[in-house]
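If you want the building blocks of each chain, they are given just below.
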Amino acid sequence: MQDRMYKSPMEAFDFGFYKIQDIAQEDFKIFKTNKKKKITEIQRVPRKIVRDFINACNSGDTEDLTKNLHPDLDFEQKNGWKTIFECSGILDFIDYSQSEEQKLCKQNLKIRSKWDIKLPYLTIGVKNNRFTDNDEDHFKNLWYSNVDFTVMEGKITKIVLKE
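Residues numbered from 1 in each chain as written. Predicted model: local features only at pLDDT ≥ 70, side-chain atom pairs only at ≥ 80, totals over all residues. Heavy atoms only, no water.

K.L.:
What is the right way to look at unusual backbone geometry in this model?
P.N.:
Trans is the common state for peptide bonds, and a negative phi is the common state for residues other than glycine. In the segment running from Leu 119 into Pro 120, the intervening peptide bond is cis, with an omega of 10°. Looking at where Pro 120 falls in the secondary structure, it is placed in the loop between strand E3 (109-118) and strand E4 (121-129). Positive phi is not limited to glycine here, since Lys 106 has a value of about 55°. For Lys 106, the position within the fold is in the loop between helix H3 (90-97) and E3. Its relative accessible area of 57% is what places Lys 106 among the exposed residues. Backbone geometry places Glu 153, a non-glycine residue, at a positive phi of 55°. Along the chain, the position of Glu 153 falls in the loop between strand E5 (142-152) and strand E6 (155-162). (Helix = DSSP H or I, 4+ residues; strand = E, 2+ residues; numbered from the N terminus. Buried < 20%, exposed > 50% of the residue type's maximum accessible area, 1.4 Å probe, protein only.)

Listed below in structure tokens is the structure:
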């Protein structure tokens with residue numbers, strides 16, 4: 001009668017190693033799923049605030065536009081490192097949004113799929129594609145840019161439009 005289950009200590013080690021490896025992989029899958037759910041829950045409100053803001057920009061409705069803005073909003077429009085326009089406060093931002101040189105409102109912006117979120121900072125890519133009848137002008141009206149948001153306590157406190 002044999003008093004051992006395995007023929008050698010190496011065979012016992014291999015059996016235990018592979019058994020624990022399967023258990024550890026299953027636990028890690030559960031951990032990753034739970035972590036993803038937690039991150040999604042944390043990011044849900046800031047994402048909704050930003051999506052609502054972009055939709056309000058596209059519609060041009062001033063009331064919807066200011067709904068999620070902090071009273072001390074800071075706005076910057078940059079081209080590379082150079083600041084083109086800067087304003088502080090909701091009233092100045094509303095004046096900017098209704099001006100001719102603005103590039104944020106009524107532009108038919110589409111949010112691109114990549115979001116960079118390190119709360120309270122969010123960076124999104126937006127695409128503007130205004131089609132014209134003339135195909136030669138199509139690429140002149142197509143542009144991509146990034147928009148940086150700072151969201152604190154459910155309100156947007158800073159917007160940086162990067163061209």
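K.L.:
Explain the side chain of Ser 145 to me, please; I cannot follow it from the model alone.
P.N.:
On the secondary structure map, Ser 145 appears in strand E5. Overall, Ser 145 belongs to the buried group, its relative accessible area being 6%. With residues up to four places along the chain from it excluded, the contact list for Ser 145 reads Ile 124, Gly 125, Val 126, Leu 161, Lys 162 and Glu 163. (Contact = heavy atoms within 4.5 Å.)

K.L.:
Is there a simple way to think about helix H1 (residues 9-59) in this case?
P.N.:
Two residues of an α-helix separated by three or four positions point the same way, owing to the 3.6 residues in each turn. Under the 1.5 Å per step criterion, the end-to-end length of H1 is 72 Å for 51 residues, consistent within 8% with the ideal 75 Å. Along H1, the largest kink reaches about 40° and is centred on Arg 44; proline Pro 46 follows within four residues of it. Listed in full, the buried residues belonging to H1 are Gln 43, Pro 46, Ile 49, Val 50, Phe 53, Ile 54, Ala 56 and Cys 57. Looking one or two residues past H1, Gly 60 carries a phi angle of roughly 80°, positive in sign. (Expected span 1.5 Å × (residues − 1). Bend = angle between axes of the 7 residues up to and from the residue.)

K.L.:
Please explain the pattern of salt bridges as it appears in this structure.
P.N.:
Two side chains of opposite charge can pair, provided their charged atoms sit close to one another. Throughout the structure, instances matching the rule amount to eight salt bridges. Its salt-bridge partner being Arg 44, residue Glu 41 comes within 2.6 Å of it at the nearest N-O pair. Of this pair, Glu 41 and Arg 44 both sit in helix H1, three residues apart, which is roughly one turn of that helix. Between Asp 148 and Lys 162 there is a salt bridge, with its nearest N and O atoms 2.7 Å apart. Of this pair, Asp 148 sits in strand E5 while Lys 162 is found in strand E6, placing the two residues 14 residues apart along the sequence. (Salt bridge = Lys/Arg side-chain N within 4 Å of Asp/Glu carboxyl O.)

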